[in-house]
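# Architecture at a glance
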Amino acid sequence: MPSRFFTPSGSLARASLLKMGVRIAVVIALTTFFSYLHMLHTLRGEALQQLERHVTERSQREQAIFLLAQDNHTLMKKALEARIQAWSQQDPNPRFDSLFAQLPDGSVRSRLESFDGTRMVVLFIPRGVVLDTGLRRRILAAHDVVAQYGPAFNARFMNTYVTLAEGPILLWWPERPNWSLEAAPDYPSTGYDYYAMSLPERNPQRRTAWSSVFLDPVSRYWMVTATTPLDMEGRHVAAVSHDVLLDELMSRSIKDHLPSAYNLLVRDDGQLIAHPELKLEGATVGYDIPGTAKLAEGEVPARLNSETQQAHLRAIFERLKNREPHELILELPEYDEHLAVARLEGPQWNFVTVLPQSVVSSAAFRSARYVLLFGIGSLLLELVIMYWVMRQEVSRPLLDFTQATHRVAAGDFQVQLDTARRDELGQLARAFQTMSDKVRHREEELRKANESLEQRVDERTRELREVHQQLLQTARHAGMAEIATNVLHNVGNVLNSVYTSAQVAKERVVALRLEQVSRVANLMQERQADLGTFLTQDERGRNVVPFLGKLAHNLLEERQAVLALMDDVGRYTEHIGDIVKVQQTHARPPRLTEPVQLAELVDDALRINAAALVRHQVRLEKHVPVLTPVLTDKHKVLMILVNLISNAKYAMDDIPEKQRRLSVRLVRFSPKHVRIEIQDNGVGIAPEMLTRIFQYGFSTRKEGHGFGLHSSALAAQELGGTLLAHSEGPGHGATFTLELPFEPISDKRSA
Amino acid sequence: MTLSKKRILIIDDSEAIHLDFRRILCPERVRDSELDQLEDSIFGEVPSSRSTGLEPFEVDSAFQGQEGLEKVKEAQAHGRPYALAFLDYRMPPGWNGIETLRHLRQAAPSLQVVLCSAYSDYSWQEIAQEFAGSRLEELRKPFNSQELRQLAHRLTGST
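Below is a summary of the structure that appears in this document. Model, not experiment: these values are computed from the prediction.

Criteria and cut-off values
Residues numbered from 1 in each chain as written. Chains lettered and ligands numbered in written order. Predicted model: local features only at pLDDT ≥ 70, side-chain atom pairs only at ≥ 80, totals over all residues. Helix = DSSP H or I, 4+ residues; strand = E, 2+ residues; numbered from the N terminus. Buried ≥ 20, exposed ≤ 12 C-beta atoms within 10 Å, placed from the backbone. Pairing = 2+ DSSP bridges. Axes fitted to C-alpha atoms, helices over the stretch in contact; angles between N-to-C directions. Contact = placed C-beta atoms within 7 Å. Nonpolar A, V, L, I, M, F, W, Y, C, P; charged D, E, K, R; others polar. Core = buried A, V, L, I, M, F, W, Y, C linked by C-beta atoms within 7 Å.

### Quick word on the overall build of chain A
From N to C terminus, chain A includes 18 helices and 22 strands. In chain A, buried positions account for 30% of the 751 residues.

### As for unusual backbone geometry
The linkage connecting B:Lys141 with the following residue, B:Pro142, adopts the cis geometry, with an omega of -10°. Position of B:Pro142 relative to the elements: it lies in the loop between strand S5 (136-140) and helix H6 (145-156). Unusually for a residue other than glycine, A:Asp336 sits at a positive phi of about 55°. On the basis of neighbour count, A:Asp336 is assigned to the partly exposed category, with 13 C-beta atoms found within 10 Å.

### Here's the deal with the sheet that holds strand S21 (residues 722-726) of chain A
Residue and element names in this part refer to chain A. Read across the open sheet, the 5 strands follow the order S17-S19-S20-S22-S21; overall the sheet is mixed. Each end of this open sheet is capped by a strand with a single partner; those strands are strand S17 (619-623) and S21. Here the average twist between neighbouring strands, direction ignored, is 15°. Both strand S20 (residues 673-680) and strand S22 (residues 734-741) contribute to a ladder of 8 bridges, which runs antiparallel. Residue pairing in the sheet places Ile-678 in a bridge with Phe-736 of S22.

### Section: the interface of chain B and chain A
In this complex, chain B contributes 27 residues to the contact, which on the side of chain A involves 28 residues. Listed by contribution, the elements that provide at least two residues to the side of chain B that touches chain A are helix H1 (15-25) and helix H2 (33-43) of chain B. Ranked by residues supplied to the side of chain B that touches chain A, first place goes to H2(B) with 7 residues. Looking at the side of chain B that touches chain A residue by residue, the class counts come to 13 nonpolar, 5 polar and 9 charged.

### Overview of the sheet that holds strand S1 (residues 6-11) of chain B
All names here are of chain B. Strand order in the open sheet formed by 5 strands is S2-S1-S3-S4-S5, and the pairing between neighbours is parallel. The open sheet is flanked by strand S2 (57-62) and S5, the only strands paired with a single partner. In this sheet, neighbouring strand axes are inclined to one another by 20° on average, regardless of whether the strands run parallel or antiparallel. As judged from the 6 bridges shared by S1 and S2, these two strands associate in the parallel manner.

### Concerning the nonpolar core
Residues and elements named next belong to chain A. Judged by nonpolar contacts, the single largest core of 83 residues is most densely connected at Leu-80, Ala-142, Val-146, Val-162, Leu-170, Ala-238 and Val-352. For this core, the leading source of residues is helix H1 (residues 12-87), giving 11 residues. Once residues lying within four places of it in the same chain are set aside, the contact partners of Ala-142 are Leu-80, Val-162, Leu-164, Leu-170 and Ala-238. Core analysis: the second largest hydrophobic core is formed by 46 residues, Val-491, Ile-579, Val-630 and Val-642 among them.

This is the structure:
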């Protein structure tokens, strides 16, 4: 019945697991935190490396286009120069006229009848251009070169064209075969930026240059142009160009980006070449980041989505401008971004990849989360395993111990514990086993010792009971002796008075002058003859009559005195009779209950002590109503009362005679009990003495036996009552109360 | 009237006993001198038939041992010591006879003492042993008046 046993409110296993769990959790939290930091650091490094790599690769790829354009143009320049020289000795007109014709609008274009723009180089000459032979030769030379190289370059460049300094344009653009036909007759072929870039004042190094973004008014394409000038004999002759569509550039540079990053192209002067959010609809010129470029009339710049974006872009541009020459990775702390920059040498463009830092930190955070989840998972698993192990290895054995302890406490020493274990618990179990065995052994011995002890105690108790009975008997006899001593002393004293009175009376009777009467009678008889003369005349005779009168008076007096003495004798004798009668009535041994009139008993007790009370001038206050007789041991009650009254009398010896007062009251204080109170105003009893006075052999008087109160209390108990003492302390008198069961006589008799 | 009266001290807790002693040792009966004269004038002198006059005892009372001792000391101080003391054995609550006797022996070693008791709850032998050599007699109650008178006369030395 394990439910009976005390089950601990706090489990050891649970407490240990809790502590362990908390510690492990702290370790996991720290691990997670440090792994997050580590991941952040690592991932950041990796991301930046990747960024750097990406930017480098991409810039190299972009660079490749420019280098290719540069190479193409170098090749074409040489070819054009050679061709122009080759044409300088020939007549250009027949060929020129077969290919081109002047239109009514004044412009010169490829002849329509034999023209196929998808396979052929087209020509456009705005009106007003003077077509001299030299120019015609150069046009045909340029035509040959474009026709020769255009298709070859078509794989990487959609078009190839040569613009001559006088205005003619020779164009290979198979996707736009009708470009020369669509161009307006006054199309300012040398007025656009892509050509102006090749002018010596704009391009002193005479290198391949790239235009800004612009909208081709003919094809309505957004594009940039690479242009390389050709000078012959110190004079700017022509410009060789490739167009690159912005769409193409966008799809290559912008749309192909790192995850969560975006790319943009910006020129050194702030011209935004490409940006994912750049809005070109309705615009005619590109977007200028600083906003300082002057707009010509009718030009509409491209836009960005919002002011925020413009500011953002401005911040990026500022950061770019202020960077160190070889710095590849920049930080933009106010936007939490990393910038990777690569400069394209030819066009003075910057390829920029913008990577938000949150990409790096969130990746680190994700990794840390895995660590955390894994840690928590391991923690729970560890706790479960630990719980199981502790339950098996610690809690269960401990519970066994607890139950064993309870069994031992309950007195069952048959304890079975697992003592086979080799660890501390096994050691404990063995120790416990040994202990319980020893306790059992001792218990056994103790039980045996107890049994014999009980036997011995029984014997002693029996002996004590016998001794007590004897003592009781002795005490009773002693109580009787007390009464007898009192009686004998009192009787002896009274008897002395009787004897003395009787003797004195006798002496007085003997001394009576009765013989004088006879002597007078004799004298008078002698003088009978002259009696009259003798009584009147004779000297002796004259005295006879007065003598007789005196004598009579004397005799009467003496008789009175003797009578008084005899009265004393009678009184004293009666007193002795009383004492003896009381003694005879109460001193005889029958101890049977009999109908007793308590009031009479109280009177008897007072009578026994009467002489002493009178001698000591004790004033008696008696309130003893006559009650129904009760069945009790008359002798015992009397003995108690005599003792109490005697004690009270002694107690008042030290106070002045006139103040001595003894109060005796008989009270029926409940239907079943009656009380007799003996109260004196004597020396009183100290509180510590109130119980001692009932002890056997205790007495405050030299000649006292110390049996009185002891035997009285015993007798009261035997009567089924109690004897109590009460006192306010020394000098305040004392009250002894004898309480007896009140059993009306009628009930007993009918029974 | 020649000598001063012999002084006797009664030490007893019972008044009746004192009365008894006085009745025996100091009879209150006063001789009627007028009657005596008349008798003499009629019958002539008859000295033998008449007592010697007043009893030669002056009786004092003490009701406790302590009081008795005080009176004995006082009497000695006034130069009128008691010739004899009657001492009761039982005198509760104070000293009993033996205790009182010890004190008396210290205060007045030569005082003649008669120890009296109505009930012999002591051993006379032991007492006699303790107070051997001192002037001590025993008187049993009830006592005979003649015997007492003789005892008093004998012990006080007055015939």
